[in-house]
Each structure stands twice: as C-alpha cells, then as structure tokens.
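Overview (structure and organization)
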Amino acid sequence: MPWFCYVEITNMEGSINHTGVVEKIDSHSVFVRITQQSACSGCHAKHMCSASEQKDKLIEVPDHTGLYHLHEEVMICGKSFMGLQAVFIAFVLPLLFVIALIACGIQMNWDESVSGLIGLSCLIPYYGVLYLLRNQLKKKFVFTLKKLN
C-alpha cells in the first residue's frame, strides 16, 4: 500500500489504527505523517467536487526504542475511547458552556445578542486553558507504533 493512502481500522479491541510514514525522529519521539481524507475520498467524482478534502497531519508518538527509521511506513495505534474523549473536550464541553451562558443571560433578561456574545466569548479562555494544559493532555492521549512488515 502506498504511503499516501489513509487507512482507518477499528478492530474488536476498540483501537483505531492509521498508516503513516516516519517523518522525523528525535531522542524521545517519533513524528509520523498521516494523510487524513474526508468521507468523500472513495467517490469517483471527488476530483470535480470541492467538498472532498485531504489533510496531512504530523503525529508525535513517544518512543525510546530506536526501532523506527526515517521514511518507514508504520501503523499508529490508539484506543477508540481517546477519540471520544478528545471530541468531548474539544467540541461537546465548549458547546455546553456556550449554551449554558446564553441560557443564563436570557434568564437574567439580557439582550439576546449580549447573551450570545458572552456565550461565545467563553470559548477564548476555554481554548486558552486547553492550550496551557497541552502537555498534560499529551500524556493522556498517547499513541503507539507498530511496524507494518
């Protein structure tokens, strides 16, 4: 399978696997480039459609083994619950904050536009805190590597 193909496999143990290529290696981590494609990638008309998209992502995987080499094709493995937690932290929780603040503003008889702005403005500190906690989150969302050969 060519390195630019994107494979997502969910097996019975609840893990998600992506193929990628080792892009960079440092003393504590291996950086793997994966190509993420939209659901439209299998469509025969994707070249004529603006909805299909393809993104390269660089994933940092902690590794001290020294088993991996540059430009080697590998499999990145993660637990499926990590994906659910990431979606909850990145999308669901901030949405709940926005809705709660808008509802509180409306209950306090504020103008709807003021309530909406306050609800949306809560996203700035929320994502700021997430950015400050990125090192702790890296420890929580850990991927592993497997050789494909």
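Check the entry above for the structure.
To keep things clear, this report deals only with the structure shown in the data block. (Residues numbered from 1 in each chain as written. Predicted model: local features only at pLDDT ≥ 70, side-chain atom pairs only at ≥ 80, totals over all residues. Heavy atoms only, no water.)

A word on the overall build of the protein
The criterion, for reference: In DSSP terms, a helix is any run of H or I states spanning at least four residues, a strand is any run of E spanning at least two, and both are numbered starting from the N terminus. Between buried and exposed lies partly exposed: a residue is buried under 20% and exposed over 50% of the maximum accessible area for its type, with that area taken using a 1.4 Å probe on protein chains only. For this analysis, residues touch if any pair of their heavy atoms sits within 4.5 Å. All accessible-area figures derive from a Shrake-Rupley calculation using a 1.4 Å probe, and residue coverage is judged against the displayed protein chains alone.
Scanning the protein for helices and strands turns up 4 helices and 6 strands. Along its sequence from the N terminus, the protein presents helices and strands in the succession β-β-β-β-β-α-α-α-α-β. Here the protein holds 149 residues, and 26% of them are scored as buried. For the protein, the proportion of contacts with a sequence separation of at least 24, taken over those separated by at least 6, is 64%. Total accessible area computed for the protein in this model is approximately 10400 Å², and 65% of it derives from carbon and sulfur atoms.

Topic: the environment of Leu123
Inspection of the secondary structure assignment puts Leu123 in helix α3 (residues 123-132). Exposure remark for Leu123: the relative accessible area of 24% places this residue in the partly exposed category. If we ignore the near neighbours within four places in the chain, the residues touching Leu123 are Pro94 and Val98.

Some points on the packing of helix α1 (residues 80-107) against α3
Note the threshold: Helix axes use the C-alpha atoms of the stretch in contact, all axes being lines fitted to C-alpha atoms, and the angles between their N-to-C directions lie in the range 0 to 180 degrees. To sort the angles, those under 35 degrees are grouped as roughly parallel, those over 145 as roughly antiparallel, those from 65 to 115 as roughly perpendicular, and the leftovers as oblique. In this scheme the handedness of a crossing depends on how the near helix is turned from the far one: anticlockwise by less than a right angle means left-handed, clockwise means right-handed. Think of it as three bins: nonpolar holds Ala, Val, Leu, Ile, Met, Phe, Trp, Tyr, Cys and Pro, charged holds Asp, Glu, Lys and Arg, and polar takes everything else, Gly as well.
Direction vectors running N to C along α1 and α3 enclose 150°, while the axes themselves pass 10 Å from each other. The orientation of α1 with respect to α3, classified from their angle, is roughly antiparallel. The handedness of the crossing between α1 and α3 is right-handed. Within the contact between the two elements, α1 uses Ile89, Ala90, Leu93, Pro94, Phe97 and Val98 and α3 uses Leu123, Tyr126, Tyr127 and Leu130. Of the residues that constitute the contact of α1 with α3, the class distribution is 10 nonpolar, no polar and no charged.

Quick notes on helix α2 (residues 112-121)
In plain terms, the rule: Starting at the helix axis, one direction is taken to each C-beta atom, and the arc is that of these directions.
Residues of α2 that are buried include every one of Ser115, Gly116 and Gly119, and no others. Seen along its axis, α2 keeps its buried residues to an arc of 100°; they face one direction. Elements that come into contact with the buried residues of α2 comprise α1 and α3.

Overview of the environment of Ser29
Selection rule: Under the rule applied, a polar contact is a pair of N or O atoms within 3.5 Å (in protein, one hydrogen donor and one hydrogen acceptor; residues adjacent in sequence only if both atoms are side-chain atoms).
Within the secondary structure, Ser29 sits in strand β3 (residues 29-37). Linking Ser29 and His64, residues 35 residues apart in sequence, is a C-alpha distance of 7.1 Å. When neighbours within four sequence positions are excluded, Ser29 is seen to be in contact with Lys24, Glu60, Val61, Pro62 and Asp63. A polar atom in the side chain of Ser29 sits 2.9 Å from the side chain of Glu60.

Geometric descriptors of this kind do not, in isolation, establish any biological role.
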